[in-house]
Amino acid sequence: MMRKPGRKIITALLSVPLLAVSALASASASALAVPRMAPASASGQHAAQVISASAGNWSAANSKIGPLQGQRLFYPGALPSRFAHSACDRLPAGDWCIVSYNKQNTNVASYVSSIPSSRNVVLVWEHEPEIPGRFSSGHTFVSGFDAQSALIRKAAHGAKNVHVASDSESWQYGFGGGNGGSRGAGCSYIPPASAVDYYYADNYSPTAQPLAGMVRWQNWLKCVKKSGKPIGIAEFGLGSCAGESARVKTLLADAAYLKSLDVQLWSYYYVPNKGCQNWQFTDSAMISVWRGIEAGK
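Here's a quick rundown of the structure. Just so it is clear, the structure is predicted and the values come from calculations on it, not from any experiment.

1. Here we look at the overall build of the chain
- When you go through the chain residue by residue, the secondary structure sums to 8 helices and 8 strands.
- A total of 297 residues make up the chain; the buried ones form 53% of that total.
- A fraction of 76% describes how many contacts in the chain between residues 6 or more apart in sequence connect residues 24 or more apart.
- Surface summary for the chain: the accessible area is close to 11800 Å², and the carbon and sulfur share equals 58%.

Take a look at the structure:
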């Protein structure tokens, strides 16, 4: 699967304030925070409970395509030692924070135990573990993931606002050929349901192929659907290689399709890329559709 160079930008900007608010205003808002979720449509369904995005400048993205209900963040090393003054802490009151980290154990207990009850945080250890070179086997990854999940839950002391998710690279569930890689075959990189609250996957399509007919997405879904746990898309990107109108059409189709599933998160990777693989849409048609999804349409 094509890599996403914009991730370095996001990581580098984690220390930049997202919102210019006073400490007093932030504390007051947090105390009164209510978790934000996409409202249900007239049919009672929504594409996802939380509509989110990752971006180099999240505030700018929120202004452009929001109001978003969460942010996807990446820590290539350890978590911060405390939640206070972290990037998650600077989000608007009620917004979810979906946090990936790679370094085992370091700061996990101190960070998790300092998350206030007013903040919903989803922690992901080692997202996209199926990428060649990351782990020698699915068993090795799952063993490490189980340990991190146990550590997170111990530090959370049963807090209902602290969640654990795994995050797969859907490309590796194409099982070879033009449909994608094969390291996901056998579902060996999927942790047990007892270790997660949600199963996430990252999914990109330069040609804007709909999820309903995408082999790799459907193969991954078969691996996790039997667990009965909610799913999510932690990184989602549509390219314009088949034209802008195809991208709009697919976004509408995917929104309708996801309403048939139990989806907790849909997070767009709103980061620029080269050529027709530029996931960062700026046209009014795509913005209108995405905002409709946020509104529960």
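Moving on from the coordinates now.
2. Some details on the state of the cysteines
- Inspection of every chain in the model, using the stated rule, returns 3 disulfides.
- Disulfide pairing is shown between Cys187 and Cys223; the S-S distance is 2.1 Å. Sign of the S-S torsion, about -75° for the bond between Cys187 and Cys223, identifies this disulfide as left-handed. With Cys187 in the loop between β5 (162-169) and β6 (198-205) and Cys223 in helix α6 (residues 215-225), this residue pair connects regions lying 36 residues apart in the sequence.
- By relative accessible area, Cys187 is classed as partly exposed at 24%.
- Its relative accessible area of 6% is what places Cys223 among the buried residues.
- Sulfur-sulfur distance for the disulfide between Cys241 and Cys276 comes to 1.9 Å. Judged by the torsion about the S-S bond (80°), the Cys241/Cys276 disulfide is right-handed. Residue Cys241 is found in the loop between β7 (231-238) and α7 (244-258), and its partner Cys276 is found in the loop between β8 (263-269) and α8 (284-294); the two are separated by 35 residues along the sequence.

What counts and how
- Residues numbered from 1 in each chain as written.
- Predicted model: local features only at pLDDT ≥ 70, side-chain atom pairs only at ≥ 80, totals over all residues.
- Heavy atoms only, no water.
- Helix = DSSP H or I, 4+ residues; strand = E, 2+ residues; numbered from the N terminus.
- Buried < 20%, exposed > 50% of the residue type's maximum accessible area, 1.4 Å probe, protein only.
- Contact = heavy atoms within 4.5 Å.
- Areas by Shrake-Rupley, 256 points an atom, 1.4 Å probe, with all protein chains shown as cover.
- Disulfide = S-S within 2.5 Å.

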